[in-house]
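Structure assessment
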Amino acid sequence: MTAPASAHRAASGWNYPPACCHGDVEHGECQAIPEKSVKENGGGWSIVLEPGDHRKVTHHNRYFVPYGSEIPSSDGNYHICLHPTEEHENCFFVPPGEM
């Protein structure tokens, strides 16, 4: 018998989709990121994270998420899920007004 899939909650209280996040609020892959880390660039979102911007980030990382691949966030903040390692963006959440 297996346990049902569950996702952890964002600090603001909404649940990340189970396909995006594994773990809990302290150890999960999803977390809000600073707005300054996100720029619109050439057909998508350019994200630059430094240590301290996300719990899994240990060195300078760049990500690119094409338009149409983002997911609306439920709290007006940017969020990213890094899985299976910090070099891999699994899900990216954008405030609905920014999409």
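Everything below is about the structure shown above.
What counts, and at which threshold
Residues numbered from 1 in each chain as written. Predicted model: local features only at pLDDT ≥ 70, side-chain atom pairs only at ≥ 80, totals over all residues. Heavy atoms only, no water. Core = buried A, V, L, I, M, F, W, Y, C linked by side-chain atoms within 4.5 Å. Buried < 20%, exposed > 50% of the residue type's maximum accessible area, 1.4 Å probe, protein only. Helix = DSSP H or I, 4+ residues; strand = E, 2+ residues; numbered from the N terminus. Contact = heavy atoms within 4.5 Å. Pairing = 2+ DSSP bridges. Polar contact = N/O pair within 3.5 Å; in protein donor to acceptor, adjacent residues only side chain to side chain. Phe/Tyr/Trp six-rings, centres within 6.5 Å; stacked < 30°, edge-to-face > 60°.

**Details of the nonpolar core**
- If you look at the biggest cluster of nonpolar residues, it comprises 13 residues, and the most contacted ones within it are Ile33, Ile47, Leu49, Ile80 and Phe92.
- The set of elements that each furnish at least two residues to this core consists of strand E3 (44–49), strand E4 (61–66), strand E6 (78–82) and strand E7 (89–94).
- Excluding anything up to four places from it in sequence, Ile47 contacts Ile33, Ser37, Val38, Asn61, Arg62, Tyr63, Val65, Ile80 and Phe92.
- Grouped together as the second largest cluster of nonpolar side chains are nine residues, Ala10, Trp14, Tyr16 and Cys21 included.

**Looking at unusual backbone geometry**
- Omega for the bond connecting His83 with Pro84 falls within 30 degrees of zero, at 5 degrees, which places this linkage in the cis form.
- Along the chain, Pro84 turns up in the loop between E6 and E7.

**Some words on the sheet that holds strand E1 (residues 30–33)**
- With mixed pairing, the four strands of this open sheet are ordered in space as E1-E6-E7-E5. In this open sheet, the two strands that pair with only one neighbour each are E1 and strand E5 (71–72).
- Two strands pair when backbone bridges link them, and E6 and E7 are joined in this way by four bridges, in the antiparallel orientation. Looking at the pairing, His79 lines up with Phe93 of E7.

**Remarks on the side chain of His79**
- Its place among the elements puts His79 in strand E6.
- Separated by 2.7 Å, the side chains of His79 and Tyr16 make a polar contact.

**Brief notes about the side chain of Ser46**
- Here Ser46 is to be found in strand E3.
- On the accessibility criterion, Ser46 (14% relative accessible area) is buried.
- If sequence neighbours within four positions are ignored, Ser46 has contacts with Ser37, Val38, Lys39, Asn41, Tyr63 and Phe64.

**Description of the packing of aromatic side chains**
- Tallying each qualifying case throughout the model produces seven aromatic pairs.
- Taken together, a centroid distance of 5.6 Å and an interplanar angle of 55 degrees make the contact between Tyr16 and Phe93 tilted. Of this pair, Tyr16 sits in the segment before E1 while Phe93 is found in strand E7, placing the two residues 77 residues apart along the sequence.
- Here Phe93 falls in the buried class, since its relative accessible area comes to 1%.
- Seen in terms of ring centroids, Trp45 and Phe92 are 6.0 Å apart; in terms of plane orientation they differ by 55 degrees. Their pairing is tilted. Of this pair, Trp45 sits in strand E3 while Phe92 sits in strand E7; the two residues are 47 residues apart in sequence, bridging distant segments of the chain. In this pair, the class of Trp45 matches that of Phe92, namely buried.
- By way of ring pairs, the aromatic residues Trp45, Tyr67, Tyr78 and Phe92 are connected into one cluster.

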